[in-house]
Amino acid sequence: MNIHEYQGKEILKKFGVAIQRGIVADTPDKAVAAAKELQAETGSKWFVVKSQIHAGGRGKGTIKETGSRGVVLAKSIDEVMDKSKAILGGTLVTHQTGPTGKKVNKVLIAEDVYYPGETEPKEYYMSILLDRATSRPVIMASTEGGMNIEDVAAETPEKIIKEWIDPMMGLQPFQARKVAFALGLEGNAFKEMVKFINALYAAYVGLDASMFEINPVLKTSDNKVIAVDSKVNLDDNALFRHKDLEELRDITEEDPLEVEAGKSGLNYVKLDGNVGCMVNGAGLAMATMDIIKLSGGEPANFLDVGGGANAETVEAGFRIILKDPNVKAILINIFGGIVRCDRVASGVVEAYKKVGNIPVPIIVRLQGTNAEEGAKIIKESGLKVFSAILLKDAASKITEVLG
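Residues numbered from 1 in each chain as written. Predicted model: local features only at pLDDT ≥ 70, side-chain atom pairs only at ≥ 80, totals over all residues. Heavy atoms only, no water.

(A) Structural detail: the side chain of serine 142. You can see serine 142 is positioned in strand 9 (residues 136–142). Since its relative accessible area comes to 0%, serine 142 is described here as buried. Within the structure, the side chain of serine 142 is placed 3.0 Å from the backbone nitrogen of glutamate 144, a separation counted as a polar contact. Polar side-chain contacts of serine 142 include one of 2.9 Å to the backbone oxygen of lysine 159. (Helix = DSSP H or I, 4+ residues; strand = E, 2+ residues; numbered from the N terminus. Buried < 20%, exposed > 50% of the residue type's maximum accessible area, 1.4 Å probe, protein only. Polar contact = N/O pair within 3.5 Å; in protein donor to acceptor, adjacent residues only side chain to side chain.)

Below is the structure:
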């Protein structure tokens, strides 16, 4: 589950991670009020107005309607009003949103932390995530903060520092010091970075997070170390242990069809193709997407109905898939292990009749227990449904119906 920057920062703060202070607002007037409050609290005269959407690249992104950047500097209270107006309600397009962009419903008004002082401010990159190859968390850091880490990895991979952590032992003191040394820090800035890394790892473990990415981590001109940004991804499978975190979910940032599918207990991800998929099991779903591509089609979605496919789940799957106007055919691929194929076939026929007129052809491939009986039910239904036993048969049917 992704959360917004302002939510991530508040969570990190609870674990002792130093953050750039800010106040979220959903109207220009509230943005001005936030700036005044920050000014009274911190003395900051300049402010950063930051779009809050679930996507990276906001600073380089553009608001379609006004041409404003997604993250801008306001040098006065009046500018906070003007720049908030140019962002709120607009559609922000970044390299991660695609050309459709995302609507900005909130902005974070943050304090200016790039003030002059005894040293130059310096930006770093830091993240903690699970390295699946080693089954261990890894801290990734770089002196090239503020840049896309993918670009750094491609152009200057030697500037990426990696420190793997034994999950049984936890982060050891020498490891935090090792990372801070590798970043070239010394004196008070070194001590602050060590403290920052320890707090960040405590938050990562304490929240059952999938990933923390802080880009940039800023060493201020007076040698403090703070999180200027935060990208936090929480593990959905652990949310039962964190009921308070479930409340942070913002469904306006999610695909409506994926939200609807979740309510029906379906695992659905929308894609850009023309063949809808309905499958029981994630591995079989991936294989089904492959066979669609090999047959000349493009998968329109990933949809796993789970092991107990029945009339209700099939009907919900039909309705979700058919809301995609690009779908020209539907392939249902069921392996009858936990559930018998004849029961699935009856469920498909029942769901088809409940949904009503389905304007695209449906190929049903059944394999496993009672597959032949299931094929017979499909064949005798009189509906626009084609039966297949083998994957190659399903592939040829897809080629046939797509023309």
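Next comes the rest of the write-up.
(B) Focus on the sheet that holds strand 6 (residues 102–103). Read across the sheet, three strands follow the order 3-5-6 without closing on themselves; strand pairing throughout is antiparallel. Edge strands, defined here as strands with exactly one partner in the open sheet, are strand 3 (62–63) and strand 6. Sheet topology note: the strand 3/strand 5 (residues 91–93) ladder contains two bridges and is antiparallel. Across the sheet, the residue bridging to isoleucine 63 is leucine 92, located in strand 5. (Pairing = 2+ DSSP bridges.)

(C) Up close: helix 5 (residues 173–182). Here helix 5 has its buried residues at Gln175, Ala176, Val179 and Ala180. Along the long axis of helix 5, the arc covered by the buried residues comes to 135°, so they all point the same way. In this structure, the buried residues of helix 5 make contact with strand 8 (122–131), strand 9, strand 10 (160–164) and helix 6 (187–206). (Arc of directions from axis to C-beta. Contact = heavy atoms within 4.5 Å.)

(D) Quick look at the environment of glutamine 52. Structurally, the position occupied by glutamine 52 is in the loop between strand 2 (47–51) and strand 3. Owing to a relative accessible area of 2%, glutamine 52 belongs among the buried residues under this scheme. Taking the C-alpha atoms as reference points, glutamine 52 and lysine 102, separated by 50 residues in sequence, lie 9.8 Å from one another. In terms of polar contacts, glutamine 52 uses its side chain to reach the backbone amide nitrogen of tyrosine 6, at 3.1 Å. A distance of 3.3 Å separates a polar atom in the side chain of glutamine 52 from the backbone oxygen of lysine 50.

(E) How the structure looks around the nonpolar core. Counting 41 residues, the largest nonpolar core has Met126, Leu183, Met193, Phe196, Leu200 and Phe212 as the members making the most contacts within it. Ranked by residue count, the leading element in this core is helix 6, at 11 residues. The residues touching phenylalanine 196, leaving out its near neighbours within four places in the chain, are Val17, Ala18, Met126, Ile214, Val217, Val225, Ile226 and Ala227. Ranked by size, the runner-up nonpolar core spans 34 residues in total, among them Phe318, Ile321, Ile330 and Tyr352. (Core = buried A, V, L, I, M, F, W, Y, C linked by side-chain atoms within 4.5 Å.)

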